[in-house]
Amino acid sequence: EAIDRRRDVRFRRPALSAQVCLAERDLARLRQEQDAENRLAGVGGDRNRVYFLRGEIHRLEEVAGEARGALGRAGGPLPCSEPRVAEVARCLDLGPERARADEGCADEEIDALVRSVR
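To keep things clear, this report deals only with the structure shown in the data block.

Points about the nonpolar core
By size, the foremost hydrophobic cluster in this structure holds 26 residues, and its most contacted members are Leu 16, Ala 18, Val 88, Leu 92 and Val 114. With eight residues, the single largest contributor to this core is helix α2 (residues 9-41). Excluding residues that lie within four positions of it along the chain, Leu 16 makes contacts with Val 9, Ala 67, Ala 70, Leu 71 and Val 117.

As structure tokens, this is what we get:
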């Protein structure tokens, strides 16, 4: 039953929304960094950094696009400020190792939501 629930897009809606929230936050940061690097590229900036940023932006756009596609079948994204979305986003942001040691991430429902998108 737990495996079926993790495949259910309606159950996963808060986790998918959290993925979109994190991706959008990171995309904004990376795009700002990319703009700064592009300005410096002509005056000795790090071209390798520009290529790395481009790849990361592309990867995050794909993650957000896939999550948005699934959310379209579940009624759309929930707000980033919705409590379950915010908690799942926080746990995803911590990473697997630190999340295991975090009391909030150990909550059964939050843990199932996090695992549904990892």
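Side note on helix α4 (residues 83-94)
Along its 12 residues, α4 runs 17 Å from first to last C-alpha, staying within 8% of the 16 Å computed at 1.5 Å per residue. Put simply, Glu 82 is the residue that caps the front of α4, since its side-chain oxygen is 2.9 Å from the backbone nitrogen of Arg 84.

Here we look at helix α6 (residues 108-117)
Within α6, burial applies to Ile 110, Ala 112, Leu 113, Val 114, Ser 116 and Val 117. You can read the cap of α6 off the contacts: a side-chain oxygen lies 3.1 Å from the backbone nitrogen of Glu 109, and it is on Asp 107.

A word on the pattern of salt bridges
Summed over all chains, the structure comprises 15 salt bridges. Notably, a salt bridge pairs Glu 33 with Arg 49, separated by 2.3 Å at the nearest N-O pair. One end of the pair, Glu 33, is in helix α2; the other, Arg 49, is in helix α3 (residues 47-72), with 16 residues separating them in the sequence. Given a relative accessible area of 23%, Glu 33 falls into the partly exposed group. Arg 49 sits in the partly exposed class, given a relative accessible area of 27%. Notably, a salt bridge pairs Arg 90 with Glu 87, separated by 2.8 Å at the nearest N-O pair. Here Glu 87 and Arg 90 lie together in helix α4, a separation of three residues that amounts to about one turn. The exposure class assigned to Arg 90 is partly exposed, which follows from its relative accessible area of 33%.

Here is what the cut-offs are and how they apply
Residues numbered from 1 in each chain as written. Predicted model: local features only at pLDDT ≥ 70, side-chain atom pairs only at ≥ 80, totals over all residues. Heavy atoms only, no water. Core = buried A, V, L, I, M, F, W, Y, C linked by side-chain atoms within 4.5 Å. Buried < 20%, exposed > 50% of the residue type's maximum accessible area, 1.4 Å probe, protein only. Helix = DSSP H or I, 4+ residues; strand = E, 2+ residues; numbered from the N terminus. Contact = heavy atoms within 4.5 Å. Expected span 1.5 Å × (residues − 1). Polar contact = N/O pair within 3.5 Å; in protein donor to acceptor, adjacent residues only side chain to side chain. Salt bridge = Lys/Arg side-chain N within 4 Å of Asp/Glu carboxyl O.

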